[in-house]
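The chain contents come next:
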Amino acid sequence: MKSFNNLNSLKTPLRKTVITIGTFDGVHIGHKFVLKKVVELADKKKFTSTVLTFFPHPRMVLQQDSSIKLLNSIKEKEELLAQVGIENLIIHPFDLEFSRLSAEDFVKEVLVNKLNVGIIIIGHDHRFGRNRTANIDDLIEFGKEYGFEVQEISAKEIDDIAISSTKIRTALSEGNISKANKYLGYNYFLSGKVVSGRQVGRTIGFPTANIEVFENYKLIPKNGVYIVSSALNKDKYFGMMNIGINPTVEGLEQTIEVHFFDFNNDLYDKEIKIEIHSRIRDEKKYNSLEELKLQLKNDEFTSREFIKNNL
């Protein structure tokens, strides 16, 4: 897959394109249903499969909603879209100037002149252009004028996508990883860099890798203890992750710490991806480090049993 960080960096394709437009946050099973349509139709027509998405999220710009949390970073979204088989991904900067493009200018300048659209696959409720005044009926009329086809994603399919996205975010916020993973079609994951921490875990026999997630807009699951895995030095290792403030040692800020089983190598400054498989329990304050150590031993036993029987 070729990825472009704005429309201007893309040379207008010689072949016609099959395009879909959206945020595709999570690239979950509902999204993949639409994306596979794009790929299959492009293969059939000998067109180029293309996704146009935006960053920042339009709500961050138009509503100045800095509290919005996303399921994927840009890099993570690229990785997931590549797995579907999309050929061209354009991540265009969304700003007020772009939002003020009229519907016809968007169609003519972006879809036709820049992307050489042959077919666009879009939701029945899609709105575009300045103040989102144009709808799919307007797009169909533009298609007749400029020579491209519009294929509508049904109301049911769009509802399924919206419901899935809402359920995933809710499930993660509640710590229901199994439900989130079911709707995603893959294990929810966090990407970040291993940084130095307080090293309390090391003193009780449970050294941890402290993960600094790159993006502050990434949705972090509910505080608690989780069963996780990572590819480290090309091998897969399992472990348990704590998300929380470490109340037993009077922590104040949320941290993400992973203790890997049967792994002793140095991970400082490495970038790693943490896949989350299941949730064990809530975070809890213990009366002493010894009491915490006993709980962690129980957590490890629970984790290893789960891994042995399920993974």
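Read on for a plain summary of the structure. (Residues numbered from 1 in each chain as written. Predicted model: local features only at pLDDT ≥ 70, side-chain atom pairs only at ≥ 80, totals over all residues. Heavy atoms only, no water.)

**Observations concerning the sheet that holds strand β5 (residues 117-123)**
Each strand in a sheet pairs with another by means of backbone hydrogen bonds, the pair being arranged parallel or else antiparallel. Short version of the rule: Between any two strands, at least two bridges found by DSSP are needed for them to pair. By the criteria applied, helices consist of DSSP H or I runs no shorter than four residues and strands consist of E runs no shorter than two, each listed in order from the N terminus. Note on definitions: angles span 0 to 180 degrees between N-to-C directions of axes, and those axes are lines fitted to C-alpha atoms, for helices only across the stretch in contact.
A sheet is described by the order of its strands in space; here six strands give the open sequence β1-β4-β3-β2-β5-β6, paired in parallel fashion. Only two strands of the sheet have a single partner each, and these edge strands are β1 (2-4) and β6 (149-153). Taken over all neighbouring pairs, the strand axes of this sheet differ in orientation by 20° on average, direction set aside. When strand β2 (residues 17-21) meets β5, the two strands line up parallel, connected through four bridges. The residue bridging Thr-20 from the neighbouring strand is Ile-121, located in β5.

**Some remarks on a negative patch on the surface**
As a reminder, the rule being used: Only residues whose relative accessible area exceeds 30% and that take part in no salt bridge are eligible for patches, with like-charged residues grouped when within 9 Å of each other and nonpolar side chains (Val, Leu, Ile, Met, Phe, Trp, Tyr) grouped when within 5 Å. Using the Shrake-Rupley algorithm and a 1.4 Å probe, accessible areas are obtained, with residue cover drawn only from the displayed protein chains. In the sections that follow, a salt bridge refers to a side-chain nitrogen of Lys or Arg positioned within 4 Å of a carboxyl oxygen of Asp or Glu. Only four residue types enter the tally: Lys and Arg on the positive side, Asp and Glu on the negative side, with His and both chain ends excluded. Where a charge sits is defined by one atom per residue type, namely NZ (Lys), CZ (Arg), CG (Asp) or CD (Glu). Exposure categories follow from relative accessible area, calculated using a 1.4 Å probe and restricted to protein chains: below 20% of the type maximum is buried, above 50% is exposed, and the middle band is partly exposed.
Side chains of Glu-104, Asp-105, Glu-109 and Glu-145 sit close together on the surface and give a patch of like negative charge. In terms of residue count, helix α5 (residues 103-114) provides more of the negative patch than any other element does, three residues in total. For Glu-145, a relative accessible area of 52% translates into the label exposed.

**Quick look at the packing of aromatic side chains**
Put simply, the test is: Stacked, tilted and edge-to-face are the three classes applied to pairs of Phe, Tyr and Trp rings, where Trp contributes its six-membered ring and a pair requires centres within 6.5 Å; stacked means planes under 30 degrees apart, edge-to-face means over 60, and tilted covers the rest. Any Lys NZ or Arg CZ found within 6 Å of a ring centre and within 35 degrees of that ring's normal is scored as a charge over the ring.
The tally for this structure, following the rule as stated, stands at nine aromatic pairs. On the basis of an interplanar angle of 75° and a centroid distance of 5.8 Å, the ring pair of Phe-54 and Phe-94 is categorised as edge-to-face. Note that Phe-54 is positioned in strand β3 (residues 48-55) and Phe-94 in the loop between β4 (88-93) and α4 (96-99), a separation of 40 residues in sequence. With a centroid separation of 6.2 Å and 70° between ring planes, the pair formed by Phe-260 and Phe-263 is classed as edge-to-face. For Phe-260, a relative accessible area of 6% puts it in the buried group. Every member of this aromatic cluster is reached through a ring pair, and the members are Phe-54, Phe-94, Phe-98, Phe-106 and Phe-128. Sitting over the ring of Phe-189, Lys-218 keeps its end group 5.2 Å from the ring centre. The lysine or arginine in question, Arg-304, covers the ring of Phe-261, its NZ or CZ lying 4.5 Å from the ring centre.

**Let's talk about α5**
Rule in force here: The directions considered for the arc are those from the helix axis to the C-beta atoms. Whether two residues are in contact is decided by their heavy atoms: any pair within 4.5 Å suffices.
When α5 is considered as a whole, its buried residues turn out to be Ala-103, Phe-106, Val-107, Val-110, Leu-111 and Lys-114. Here the buried residues of α5 occupy an arc of 150° about the axis, which is enough to place them on one side. Lining the buried residues of α5 we find β2, β3, α4, β5 and α6 (136-146). Looking one or two residues beyond α5, the residue adopting positive phi is Asn-116, at roughly 50°.

**What to know about unusual backbone geometry**
Cis geometry marks the peptide bond from Phe-55 to Pro-56; its omega dihedral reads 5°. Within the chain, Lys-234 stands out as a residue other than glycine whose phi angle is a positive 75°. Considering the arrangement of structural elements, one finds Lys-234 in the loop between β9 (224-232) and β10 (235-244). With a relative accessible area of 86%, Lys-234 lands in the exposed category.

**As for the pattern of salt bridges**
Across all of its chains, the model carries 14 salt bridges by this definition. Here Lys-273 ties to Glu-79 by a salt bridge, and the two come within 2.9 Å at their closest N and O atoms. Of this pair, Lys-273 sits in strand β12 (residues 271-281) while Glu-79 sits in helix α3 (residues 74-84), and the two are 194 residues apart along the sequence. Note on Glu-79: relative accessible area 33%, which makes it partly exposed. Linking Asp-269 and Lys-193 is a salt bridge whose minimum nitrogen-to-oxygen distance equals 4.0 Å.

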